[in-house]
Amino acid sequence: MDNKYVIATGYSRANLCEHVSKYIENGWHPVGGMVIDFNDEEDDKVYCQPMTVLSP
């Protein structure tokens, strides 16, 4: 078995929660906490959540 990893992203916290919920429904699990990536402008944020799943 191998672990697969992905970083789910969203343009808002609510949008990220929608993405993460879909991953969880498909057997994925969050790894650690949510990260907010600030680009050059503070208003331009990307919300990120690392996810993992075991693949057969």
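Residues numbered from 1 in each chain as written. Predicted model: local features only at pLDDT ≥ 70, side-chain atom pairs only at ≥ 80, totals over all residues. Heavy atoms only, no water.

**With respect to the nonpolar core**
With seven residues, the main nonpolar core is built from Ala 8, Leu 16, Val 20, Trp 28, Tyr 47, Met 51 and Val 53. Every element with two or more residues in this core is listed here: helix H1 (13–25) and strand E4 (45–55). When residues of this core are assigned to their parent elements, the largest contribution, three residues, is made by E4. Sequence-distant contacts of Val 20, defined by excluding residues within four places in its chain, comprise Ala 8, Gln 49 and Met 51. (Core = buried A, V, L, I, M, F, W, Y, C linked by side-chain atoms within 4.5 Å. Buried < 20%, exposed > 50% of the residue type's maximum accessible area, 1.4 Å probe, protein only. Helix = DSSP H or I, 4+ residues; strand = E, 2+ residues; numbered from the N terminus. Contact = heavy atoms within 4.5 Å.)

**Digging into a negative patch on the surface**
On the surface, Asp 37, Asp 40, Asp 43 and Asp 44 cluster together into a patch of negative charge. Mapped onto the fold, Asp 44 is located in the loop between strand E3 (35–38) and E4. The class for Asp 44 is partly exposed, based on a relative accessible area of 42%. (Patch = residues over 30% accessible without salt bridge, like charges linked within 9 Å, V, L, I, M, F, W, Y side chains within 5 Å. Areas by Shrake-Rupley, 256 points an atom, 1.4 Å probe, with all protein chains shown as cover. Salt bridge = Lys/Arg side-chain N within 4 Å of Asp/Glu carboxyl O. Lys, Arg positive; Asp, Glu negative; His and termini not counted. Charge placed at Lys NZ, Arg CZ, Asp CG, Glu CD.)

**A look at the packing of aromatic side chains**
When we look at a pair of aromatic rings, we describe it by the centre distance and by the angle of the planes. Enumeration according to the criterion identifies one aromatic pair in this entry. Note on Tyr 23 and Trp 28: the rings are 5.4 Å apart at their centroids and 75° apart in plane angle, and the pair reads as edge-to-face. You can call Tyr 23 partly exposed: its relative accessible area is 25%. For Trp 28, a relative accessible area of 16% corresponds to the buried category. (Phe/Tyr/Trp six-rings, centres within 6.5 Å; stacked < 30°, edge-to-face > 60°.)

**Here's the deal with the environment of Ala 14**
Structurally, Ala 14 can be placed in helix H1. The exposure class assigned to Ala 14 is exposed, which follows from its relative accessible area of 53%. Taking the C-alpha atoms as reference, Ala 14 lies 12 Å from Val 46; in sequence the two are 32 residues apart.

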